[in-house]
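# Descriptive structure summary
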Amino acid sequence: MRYACPTSRFVPVFELVPHAGRTLTASPLRDSFTSRMSPLSLLDDRTITISVIRGSSNGLRHQLTKARTSIGRTGGGADIEIDDPQVSALHCVVGVAHDMVRLYDLDSANGTHVNDEPIQATELEHLSEFRLGSTWVVVTIVPKHFKDTT
């Protein structure tokens with residue numbers, strides 16, 4: 001789904017985020033990172049997994065298969081839904097492009113935290129941990145296994 005922007009260009013739905021009855025613009029998604037989101041070479045040779053390691057959704061795992069994956073509260077319509085009332089409906093987005101994985105907060109009510117610091121956007125590496133509400137998440141980035149065809 002896309003929305004018209006005042007500049008007459010279309011922007012992805014993640015740039016317009018409902019929050020407390022109003023619409024806010026999450027501008028970090030308009031940086032140079034998103035202009036490089038294709039091709040997804042990192043997804044071609046790596047398996048990237050988002051795993052909940054602490055909180056009521058502990059054990060939830062989601063393998064990334066697209067350039068942008070939203071994370072939010074259960075019932076909020078995000079790609080990855082977390083059962084935590086402190087998580088916003090659309091809380092953050094994990095973006096993948098070329099050789100980089102980035103985490104963007106979507107102006108969430110309680111923020112997205114890395115190393116106990118609130119972030120707007122940050123690069124993620126293998127075994128990076130971040131917190132949404134009272135939920136802790138870890139990112140794993142590992143090479144895909146090759147199948148033996150002999």
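Please refer to the structure higher up on the page.
Everything numeric in this text was worked out from a predicted model, so none of it was measured.

With that settled, consider the overall build of the protein. Within the protein, the regular secondary structure consists of two helices and 15 strands. Within the protein, contacts between residues at least 6 apart in sequence are counted, and of these 41% link residues at least 24 apart. If you sum the accessible surface of the protein, you get close to 8400 Å²; carbon and sulfur atoms cover 49% of it.

This next bit is on empty space enclosed by the protein. Applying the stated criterion across every chain, the model contains one cavity of 30 Å³ or more. Taken as a whole, the largest cavity encloses approximately 30 Å³ of empty space. Taken together, I50, V52, L60, H62, I71, I80, I82 and V137 make up the lining of the largest cavity. Taken together, the elements giving at least two residues each to the lining of the largest cavity come down to strand 5 (46–54) and strand 8 (80–82). Per-class residue counts for the lining of the largest cavity are seven nonpolar, one polar and no charged.

With respect to topology, six strands assemble into an open sheet ordered 6-5-15-14-11-12, the strand pairing being antiparallel. With one partner strand each, in any of the chains shown, strand 6 (61–63) and strand 12 (117–119) form the two edges of the open sheet. Each neighbouring strand pair of the sheet contributes to a mean axis angle of 30°, computed without reference to strand direction. By the bridge criterion, four bridges tie strand 14 (residues 129–132) to strand 15 (residues 135–143) in an arrangement that is antiparallel. Its bridge partner being in strand 15, E129 is matched across the sheet by V138.

Following the sequence through the fold, T49 ends up in strand 5. Judged by relative accessible area, which is 5%, T49 ranks as buried. Residues contacting T49, with those up to four places away along its chain left out, are R61, H62, Q63, V138, V139 and T140.

Attention now moves to unusual backbone geometry. One non-glycine residue, D107, adopts positive backbone phi at about 55°. For D107, the position within the fold is in the loop between strand 10 (100–105) and strand 11 (112–114). Unusually for a residue other than glycine, L127 sits at a positive phi of about 70°. Given the relative accessible area of 52%, L127 is considered exposed.

Relative to the elements of secondary structure, S56 occurs in the loop between strand 5 and strand 6. Residues S56 and I82, spaced 26 residues apart in sequence, show a C-alpha to C-alpha distance of 8.0 Å. Apart from residues lying up to four places away in sequence, S56 is in contact with D83 and D84.

In this section: the pairing of strand 14. On strand 14, burial follows the alternation: F130 and L132 on one face are buried, whereas E129 and R131 on the facing-out side are not. In this structure, strand 11 lies alongside strand 14, joined through two bridges in antiparallel fashion. If you follow T112 over to strand 14, its bridge partner there is L132. Between the antiparallel neighbours strand 14 and strand 15 lie two residues, among them G133 with a positive phi of about 60°.

Calculation criteria
- Residues numbered from 1 in each chain as written.
- Predicted model: local features only at pLDDT ≥ 70, side-chain atom pairs only at ≥ 80, totals over all residues.
- Heavy atoms only, no water.
- Helix = DSSP H or I, 4+ residues; strand = E, 2+ residues; numbered from the N terminus.
- Contact = heavy atoms within 4.5 Å.
- Areas by Shrake-Rupley, 256 points an atom, 1.4 Å probe, with all protein chains shown as cover.
- 1 Å grid on protein atoms, 1.4 Å probe; cavity = no way out; pocket = protein on both sides within 12 Å on 5 of 7 lines; lining within 4 Å.
- Points joined across faces, edges and corners; volume = space filled by probe spheres on them.
- Nonpolar A, V, L, I, M, F, W, Y, C, P; charged D, E, K, R; others polar.
- Pairing = 2+ DSSP bridges.
- Axes fitted to C-alpha atoms, helices over the stretch in contact; angles between N-to-C directions.
- Buried < 20%, exposed > 50% of the residue type's maximum accessible area, 1.4 Å probe, protein only.

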